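Listed below, chain by chain, are the residues.
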Amino acid sequence: MKSHLILASLFLLLIACSSKEPKTEEASTLSSAVTNSNTPTEEAVETSSSKAQHQQWDGFYFYDIYMGSIIVIHQGKYYNFARKESKSFYKDFEYDIDFELNKDGFIPIVRKYYLDRNDELQSKETILYDTQPIQEGGKTTALQCRGYDYQPLGSFGAYLDAISTTRSAVVADLKANSKHQEDSVIEKALNDPNFIAKSGMTEAPLRGEAMEFWQLLANIIEAK
């Protein structure tokens with residue numbers, strides 16, 4: 001009789017132990033999930049921090065040499081634009097840049113985009129240091145590139161004021177070639193500080209067709 005009782009007790013003890021295992025497993029899984037859930041947050045903070053560091057140099061920089069030369073830094077990329085005639089310009093070069101200045105204070109260019117012999121877009125890793133931001137009070141006041149100082153311009157209208165083409169000429173072209181006729185709307189677009197993103201200039205094909213000034217202005221007006 002005692003042997004039966006002992007066997008029954010052992011059987012109940014075995015059931016009790018086995019019923020605890022899934023809970024231990026579940027607790028372990030939850031602990032792992034909590035640990036893993038922290039990783040994306042940390043990565044997001046790093047990315048955000050790097051982006052904030054990089055945005056110190058974002059902007060439109062102009063140097064009036066011959067027909068005019070432009071550097072645009074926007075969302076991790078570095079662009080060169082060149083004037084074409086008097087009413088347009090085109091994208092001449094495009095690069096990827098690193099998030100931190102090198103030890104000498106230059107912006108590290110890390111990838112170059114170019115057209116091959118078949119006019120197809122290609123890219124390759126490259127290292128180039130030729131552009132240095134000049135900063136005062138945490139703001140970039142100029143870019144020095146190959147011996148020239150490029151001054152930041154805060155609007156598309158400011159760029160038109162800095163070159164031979166006048167605002168009135170571009171506004172006349174806009175009215176002649178688009179539906180936009182309201183002076184107050186056009187003036188607002190000319191002074192829009194977010195004109196780089198809204199104009200779509202960085203999305204133009206590399207060394208493709210020139211971008212007419214009036215079309216860029218129309219893009220700014222139509223951007224949401």
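What comes next is a walk through the structure. These numbers were taken from a predicted model, which means no experiment stands behind them. (Residues numbered from 1 in each chain as written. Predicted model: local features only at pLDDT ≥ 70, side-chain atom pairs only at ≥ 80, totals over all residues. Heavy atoms only, no water.)

1. Here we look at the packing of helix α3 (residues 167-177) against helix α6 (residues 213-222)
The relative placement of two packed helices comes down to the angle between their axes together with the axis-to-axis distance. Viewed as axis vectors pointing N to C, α3 and α6 meet at an angle of 75°, and their least axial separation amounts to 8 Å. Classified by the angle between their axes, α3 and α6 sit roughly perpendicular to one another. On α6, the residues touching V170, D173, L174 and N177 of α3 are F213, W214, L217, A218 and I221. Here the residues of the contact of α3 with α6 are counted per class, giving seven nonpolar, one polar and one charged. (Axes fitted to C-alpha atoms, helices over the stretch in contact; angles between N-to-C directions. Helix = DSSP H or I, 4+ residues; strand = E, 2+ residues; numbered from the N terminus. Parallel < 35°, antiparallel > 145°, perpendicular 65-115°, else oblique. Contact = heavy atoms within 4.5 Å. Nonpolar A, V, L, I, M, F, W, Y, C, P; charged D, E, K, R; others polar.)

2. So, the pattern of salt bridges
Note that side chains of opposite charge can pair when their charged atoms are close. If you walk through the whole model with that rule in mind, you get twelve salt bridges. Measuring nitrogen to oxygen at the nearest pair gives 3.7 Å for the salt bridge that ties R111 to E125. One end of the pair, R111, is in strand β5 (residues 109-115); the other, E125, is in strand β6 (residues 121-128), and 14 residues separate them in sequence. A salt bridge links D130 to R146; the shortest N-O distance between them is 2.9 Å. (Salt bridge = Lys/Arg side-chain N within 4 Å of Asp/Glu carboxyl O.)

3. A short note on the nonpolar core
Core analysis: the largest hydrophobic core is formed by 30 residues, its most contacted members being F60, F89, F156, Y159 and M201. Taken together, the elements giving at least two residues each to this core come down to β1 (59-63), β2 (69-74), β3 (77-84), α2 (156-162), α3, α4 (183-190), α5 (195-199) and α6. Ranked by residue count, the leading element in this core is α6, at seven residues. In this structure, M201 is in contact with F60, V72, F81, F89, F195, I196, M211 and L216, ignoring residues within four places of it in sequence. (Core = buried A, V, L, I, M, F, W, Y, C linked by side-chain atoms within 4.5 Å. Buried < 20%, exposed > 50% of the residue type's maximum accessible area, 1.4 Å probe, protein only.)

4. Let's talk about the environment of G138
Along the chain, G138 turns up in the loop between β7 (131-136) and β8 (139-145). Residue classification places G138 among the exposed positions, given a relative accessible area of 53%. Separated by 82 residues in the primary sequence, G138 and Q56 have C-alpha atoms spaced 7.6 Å apart.

5. What to know about α4
Among the residues making up α4, those that are buried are I186, A189 and L190. Along α4, the residues classed as buried sweep out an arc of 100° about the axis, all on the same side. (Arc of directions from axis to C-beta.)

6. Observations concerning the packing of α4 against α6
Axis separation between α4 and α6 bottoms out at 9 Å; the angle between their running directions is 100°. One finds that α4 runs roughly perpendicular with respect to α6. For the pair α4 and α6, the contacting residues are V185, I186, A189 and L190 in the first and L217, I220 and I221 in the second.

7. Comments concerning unusual backbone geometry
The phi angle at Q75 is positive, at roughly 50°, despite the residue not being glycine. Following the sequence through the fold, Q75 ends up in the loop between β2 and β3.

8. Things to note about the packing of aromatic side chains
All told, the structure shown has 15 aromatic pairs when counted by the stated rule. Ring geometry for Y63 against Y148: centres 4.7 Å apart, planes inclined by 40°, an arrangement best described as tilted. You can see Y63 sitting in strand β1 and its partner Y148 sitting in strand β9 (residues 148-153), a full 85 residues away along the chain. The class for Y63 is partly exposed, based on a relative accessible area of 25%. When the ring of Y159 is compared with that of F213, the centres are 5.8 Å apart and the planes differ by 85°; the resulting orientation is edge-to-face. With Y159 in helix α2 and F213 in helix α6, the pair connects residues that are 54 residues apart, well separated along the chain. The class of Y159 is buried, set by a relative accessible area of 0%. The buried category is assigned to F213, whose relative accessible area is 1%. (Phe/Tyr/Trp six-rings, centres within 6.5 Å; stacked < 30°, edge-to-face > 60°.)

9. Here's the deal with the pairing of β2
Most of β2 sits out of view: six of its six residues are buried. Side chains S69, I71 and I73 project from β2 onto one buried face, and the interleaved I70, V72 and H74 project onto a second face that is buried too. One ladder, built from six bridges, connects β2 with β3; its direction is antiparallel. Opposite V72, over in β3, you have Y79 as the bridge partner. Linking two consecutive strands that pair antiparallel, namely β2 and β3, is a turn of two residues; a positive phi of about 50° is found at Q75 within it. (Pairing = 2+ DSSP bridges.)

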